[in-house]
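# Coordinate inspection notes
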Amino acid sequence: SIQDAMVKILKRITVEEIPADCSEPVDPKALEQARGIVDSIKDKGETALIEWAVKFGEIKEGESYVCTKDELKAAYDTLSAEQQGVLDRVGERIRKFAKSQRESIQDTETDIPGGRAGQTVAAVECAGCYAPGGRYPLPSSVMMTAITAREAGVPNVWVSSPHPDQVTKAAAFVAKADGMLKLGGAQAIAAMAQGVGGCPAANIIVGPGNQWVTAAKSLVQGKCAIDMLAGPSEVLVIADASADPATVAADLLAQAEHDVEARPILVCLDEGTIDAVDVEVQKQLAELPSPNKETATAAVSKGFAVLTKTVEEAITVSDTIAPEHLEIMTKDAMEVGMRCKHYGGLFVGRFAAEVLGDYGCGPNHVLPTAGTARYTGGLSVHTFLRVRTWMRVDKPADNQQVVEDAIALARMEGLEGHARAAEMRRQ
């Protein structure tokens, strides 16, 4: 049969064989190397930062590692009207979605015995936004992070990216960044965390990066907040016989070309569709240019396809993996998607391509990986916000039961000083 004769590139596994995710986001060797960089910048400041930047070829001796607002504007001005239009439109769509998110959480207050209590929602003072600049520069990540910070209300927003080209600098201009550090790796994270060289110390550092970026984020966490420790990218497609194999294959490869460690996964209710997708993956892989082809080939070898008997089983498989990107290409796709519980971003139906999410349809593309979607969501305006509570007692007489309960509970816990402080509020 055609199925027996065909060479298969997608590994077939059963539901029982699905690997428990064993990826550790922080590589031990990278952590050791990052620690040396972070500690030296903490101790020696700008002197150490410049040494590392020169050593890694990010700047030449005596060259500035900072791009000012004027330089970002100048970079934008060098672009064609067409390129400017792309950045402006993508920026506006990201801004619109972020604005909607910000409006979803508000200051509020309510009655308490004898007074009022409430919450205020406020952005952090300074955000550091990292955008990769290695194999493929990602101006889209500049806008996803910095625009979201601005819409959250962050007054100081700085971007860092190694070897930024004109488009990356222009993206920072569109995002209304206050400046850009021409730095990458652990040194970029340390500079933003410590506030070296014109960039104020960040209250939060966000954005995806390589293993040294991730390691450095794990080291500065505590001095400042971070969004997440991101691992390799992943996409899981739930498909049935109604799915278009060429489209499914294209979406698997779009993730696979990110990184040799990326994971493309197909969960399918129809064996014939798995075979058809496999044929398409091979065909489309052969047509990819280098080095994308080699990267994607290595990643596809780490992915797999699972045949499930029912939609319920497919959903269970997906929830077990908790993928970064989840695409639904089935009949009743919205209904199936709404039954899934664990994912970073959900893409419903054939035309809601994950790559459209990457490039600014609206929702953010900085998403949790390696199963962490079970307990966290992707980057959003909420990442940059603090919810602070307050309370006020206007009528102490109406608050006496609270006072007596506080005294009693403090003594149950053995905290006599607490009890006596509460007693001071007796009427």
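Computed from a predicted model, the values in this text were never measured in an experiment. For every chain, the first residue of the written sequence is number 1, and numbering continues from 1 onward in sequence order. Local features in a predicted model are, by the rule used here, given only for residues with pLDDT of at least 70; side-chain atom pairs are given and counted only at 80 or more, and totals for whole chains, interfaces and linings are based on all residues. To obtain the side-chain values, all non-hydrogen atoms of the structure were used and water was disregarded.

Here we take up the packing of aromatic side chains. Each Phe, Tyr or Trp ring (for Trp, its six-membered ring) is paired with any other whose centre lies within 6.5 Å, and the angle between the two planes then decides the class: stacked below 30 degrees, edge-to-face above 60, tilted in between. Here the structure, examined in full by the defined rule, presents two aromatic pairs. Ring geometry for Trp52 against Phe56: centres 5.8 Å apart, planes inclined by 15 degrees, an arrangement best described as stacked. Relative accessibility thresholds used throughout: buried, under 20% of the residue-type maximum; exposed, over 50%; partly exposed, between the two (1.4 Å probe, protein chains only). Judged by its relative accessible area of 42%, Phe56 is partly exposed.

Below, the discussion takes up helix α6 (residues 139-152). Note that an α-helix has 3.6 residues per turn; residues three or four places apart therefore point the same way. Over its 14 residues, α6 extends 20 Å from the first C-alpha to the last, a length consistent with the 20 Å expected when each residue adds 1.5 Å. By the criteria applied, helices consist of DSSP H or I runs no shorter than four residues and strands consist of E runs no shorter than two, each listed in order from the N terminus. Of all 14 residues making up α6, 13 are buried, and the element is well covered by its neighbours. A positive phi of about 105 degrees marks Gly153, the residue just after α6. Expected helix span is computed as 1.5 Å times (number of residues minus one).

Another aspect to go through is the nonpolar core. Here is a general trend for soluble globular proteins: nonpolar side chains tend to be buried in one another's company. Grouping buried Ala, Val, Leu, Ile, Met, Phe, Trp, Tyr and Cys residues that are joined through side-chain atoms within 4.5 Å yields what is termed a nonpolar core. If you look at the biggest cluster of nonpolar residues, it comprises 40 residues, and the most contacted ones within it are Met143, Val154, Val159, Ala172 and Phe384. Looking at this core, the elements that each hand over two or more residues are α4 (69-78), α5 (81-103), β4 (115-123), β5 (126-130), α6, β6 (156-160), α7 (166-174) and β8 (204-206). No other element matches α6, which puts seven residues into this core. In this structure Val154 touches Ala123, Val124, Glu125, Cys126, Ala127, Ala149 and Phe384, once residues within four positions along its chain are discounted. Ranked by size, the runner-up nonpolar core spans 34 residues in total, among them Ile59, Ala193, Cys199 and Val213. The contact rule is simple, with two residues in contact once any of their heavy atoms fall within 4.5 Å.

As a further point, take the pairing of β5. Here β5 lies mainly inside the structure; five of its five residues are buried. Burial along β5 is two-sided: the face carrying Cys126, Gly128 and Tyr130 and the face carrying Ala127 and Cys129 are both buried. Relative to β6, β5 runs parallel, the two being bridged by five bridges. Counterpart to Ala127 in the pairing with β6 is Val157. Two strands are said to pair when DSSP picks up at least two bridges between them. Across three bridges, β5 lies against β8 in parallel orientation. Each residue of the ladder has a partner; that of Cys129, found in β8, is Val206.

A few words now on the pattern of salt bridges. The rule for a salt bridge is simple: a side-chain nitrogen of Lys or Arg has to be within 4 Å of a carboxyl oxygen of Asp or Glu. For the coordinates displayed, the defined rule picks out 24 salt bridges. Lys73 is paired through a salt bridge with Asp77; the nearest N and O atoms lie 2.8 Å apart. Highlighted residues: Lys73 and Asp77, both in helix α4, separated by four residues, approximately one helical turn. When its relative accessible area of 36% is taken as the criterion, Lys73 is described as partly exposed. Across the pair Lys302 and Glu261 runs a salt bridge whose closest N-O atoms are separated by 4.0 Å. Taken together, the residues Lys302 in the loop between α12 (292-300) and β12 (304-307) and Glu261 in the loop between α10 (245-256) and β11 (263-268) connect sequence positions 41 residues apart. The class of Glu261 is partly exposed, set by a relative accessible area of 40%. Several salt bridges converge on common partners, so that one network encompasses Glu404, Arg411, Glu416, Arg420, Glu423 and Arg426.

Omega for the peptide link from Ser290 to Pro291 comes to 0 degrees, which places this bond in the cis form. Following the sequence through the fold, Pro291 ends up in the loop between α11 (271-287) and α12. A positive phi angle, near 50 degrees, is found at His163, a position not held by glycine. Positionally, His163 belongs in the loop between β6 and α7.

Secondary-structure assignment places His325 in strand β13 (residues 325-329). Among the residues examined, His325 registers a relative accessible area of 2% and is labelled buried. Separated by 2.8 Å, the side chain of His325 and the backbone oxygen of Glu234 make a polar contact. The residues touching His325, leaving out its near neighbours within four places in the chain, are Ser233, Glu234, Val235, Leu236, Gln255, Gly345, Phe347, Glu354, Asp358 and Leu367. In protein, a polar contact requires one atom able to donate a hydrogen and another able to accept it; more generally it is a pair of N or O atoms within 3.5 Å, and residues adjacent in sequence count only if both atoms are side-chain atoms.

A few words on the side chain of Ser160. Mapped onto the elements of the fold, Ser160 is located in strand β6. The buried category is assigned to Ser160, whose relative accessible area is 0%. Here the side chain of Ser160 touches Leu183 through a polar contact of 3.0 Å, landing on its backbone oxygen. Ignoring any residue separated from it by four or fewer positions in sequence, one finds Ser160 in contact with Cys129, Tyr130, Ala131, Leu181, Leu183, Ala188 and Met192.

Only a pair of cysteine sulfur atoms within 2.5 Å counts as a disulfide in this structure description. A complete count under the given rule lists zero disulfides for this structure. Looking at Cys199, it has no disulfide partner, and the nearest cysteine sulfur is the one in Cys126, 5.5 Å off. Cys199 sits in the buried class, given a relative accessible area of 3%. Cys340 takes part in no disulfide bond, and the closest cysteine sulfur to it belongs to Cys268, at a distance of 14 Å.

What follows deals with the sheet that holds strand β9 (residues 225-226). An order of β2-β7-β6-β5-β8-β9 is seen for the six strands of this open sheet, with the pairing classed as mixed. Of all strands in the sheet, those bounded by a partner on one side alone are β2 (66-67) and β9. Where β6 and strand β7 (residues 179-181) come together, three bridges link them in parallel fashion. What sits directly across from Ser160, in β7, is Leu181. Against the sheet, helix α8 (residues 185-194) engages β5, β6, β7 and β8, with an angle of about 170 degrees to β5. Where helices are involved, their axes are fitted lines through C-alpha atoms of the stretch in contact, as for all axes, and angles between N-to-C directions lie from 0 to 180°.

Here we come to helix α16 (residues 400-412). The end-to-end C-alpha distance of α16, which contains 13 residues, comes to 18 Å, matching closely the 18 Å that a straight helix rising 1.5 Å per residue would cover. Listed in full, the buried residues belonging to α16 are Gln400, Val403, Ile407 and Ala410. End-on, the buried residues of α16 take up no more than an arc of 90 degrees, which puts them together on one face. Turned more than 90 degrees from where α16 packs its buried face, Gln401 and Met412 sit exposed. In this structure, the buried residues of α16 make contact with α17 (416-423). Where α16 ends, the next residue or the one after it, Gly414, has phi of about 75 degrees, a positive value. It is the directions from the helix axis to the C-beta atoms that the arc portrays.

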